[in-house]
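# Residue-level structural notes
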Amino acid sequence: DTYTLLEREPDQVAAFIRENGEGLTGSNVTIPYKEKVIPYLKSIAPEAEKIGAVNTLFFTPGGVEGYNTDYLGFDRMLQAAGISLDGKAVTVLGNGGAAKAVLQVVTDRKAKTIQILSRHPEQANESLRHFLAQRPDAQVRLYADAEPGSQVIINTTPVGMFPKVGVSPVPAVFTAGCEAAGGTNFKSQGTQLFGDAAKSGAKTCNGLYMLVAQAVASEEIWQQKELDPELIPEIMKQLEDSFHG
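All of the points below concern the structure found in this document. Since we're looking at a predicted model, the values are computed, not measured. (Residues numbered from 1 in each chain as written. Predicted model: local features only at pLDDT ≥ 70, side-chain atom pairs only at ≥ 80, totals over all residues. Heavy atoms only, no water.)

## Observations regarding the pattern of salt bridges
- Within the structure shown, the criterion is met by 11 salt bridges.
- A salt bridge links Glu 22 to Arg 8; the nearest nitrogen and oxygen atoms lie 2.8 Å apart. Highlighted residues: Glu 22 in the loop between helix 1 (13–18) and strand 1 (26–28) and Arg 8 in the segment before helix 1, separated in sequence by 14 residues.
- On the basis of relative accessible area, Glu 22 is assigned to the partly exposed category, the value being 42%. (Salt bridge = Lys/Arg side-chain N within 4 Å of Asp/Glu carboxyl O. Helix = DSSP H or I, 4+ residues; strand = E, 2+ residues; numbered from the N terminus. Buried < 20%, exposed > 50% of the residue type's maximum accessible area, 1.4 Å probe, protein only.)

What follows is the structure in structure tokens.
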């Protein structure tokens, strides 16, 4: 089997799906098509419907099915790291595409309170409208107005990664007492935020596991079978070796 890049213009999306992926088994979908494909799908998985975004397509004889494996990947990352959100105060940094999947996992995993920090709260309220309709108690705030005391902090922004290293989206005092810090970027492990969290004794997990887990989830959808759970750590080791090699 082959996995390759297919570039399509916005006005080609409908035809691509109508022609059932031009003979493909499946496809991943990137920005700005994660919402544009939805009207053309035969069915959409519950998590993708709640998020309002699809990143994986499965072409079947009966039509095209839509899924969100960012959701599945992030959920599996938390489980692998032993991070529970049940009854916890959670802060999510950022409101971009990754944040949508993260926030859905956070609410499905029964976080007690949810704080979303954004540089542009008005835009955040609009882009996260699907989520906020489910969790009207979630608070969207400017970074300057952030409430400390969260038990779990999740960074979906690139702040602190190359080339802006040595900085954190939030001051060190914000991580004091937190139990866990996670990131959706695979380069987030060595960031200032994670360093501050680790000093407080928090568990940390970067987005590499999420990246690999969402890819494995896509393959499970396309192959219609569960793959060996050990496949994820095996791929992660190969990637980490290549990064440091």
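## Overview of the packing of aromatic side chains
- Taken as a whole, this structure holds 2 aromatic pairs when the rule is applied.
- A ring pair is formed by Tyr 3 and Trp 222, whose centres lie 6.2 Å apart and whose planes are at 35°; its orientation type is tilted. Taken as a pair, Tyr 3 in the segment before helix 1 and Trp 222 in helix 8 (residues 208–223) lie far apart in primary sequence, 219 residues in all.
- A relative accessible area of 60% places Tyr 3 in the exposed class. (Phe/Tyr/Trp six-rings, centres within 6.5 Å; stacked < 30°, edge-to-face > 60°.)

## Observations regarding the pairing of strand 4 (residues 63–67)
- Counting buried positions over the 5 residues of strand 4 gives 5, a clear majority of the element.
- Bridging between strand 2 (residues 43–44) and strand 4 involves 2 bridges; their strand directions are parallel. Across the sheet, Ser 43 pairs through a bridge with Glu 65, a residue of strand 4.
- Here strand 3 (residues 56–60) runs beside strand 4; their pairing, made up of 5 bridges, is antiparallel. (Pairing = 2+ DSSP bridges.)

## Topic: the environment of Lys 112
- Along the polypeptide, Lys 112 turns up in the loop between helix 4 (97–108) and strand 6 (113–117).
- Separated by 26 residues in the primary sequence, Lys 112 and Ala 138 have C-alpha atoms spaced 9.6 Å apart.
- Excluding its chain neighbours within four sequence positions, the residues that come into contact with Lys 112 are Leu 85, Gly 87, Lys 88, Arg 135 and Asp 137. (Contact = heavy atoms within 4.5 Å.)

That's the geometry; what it means functionally is another story.
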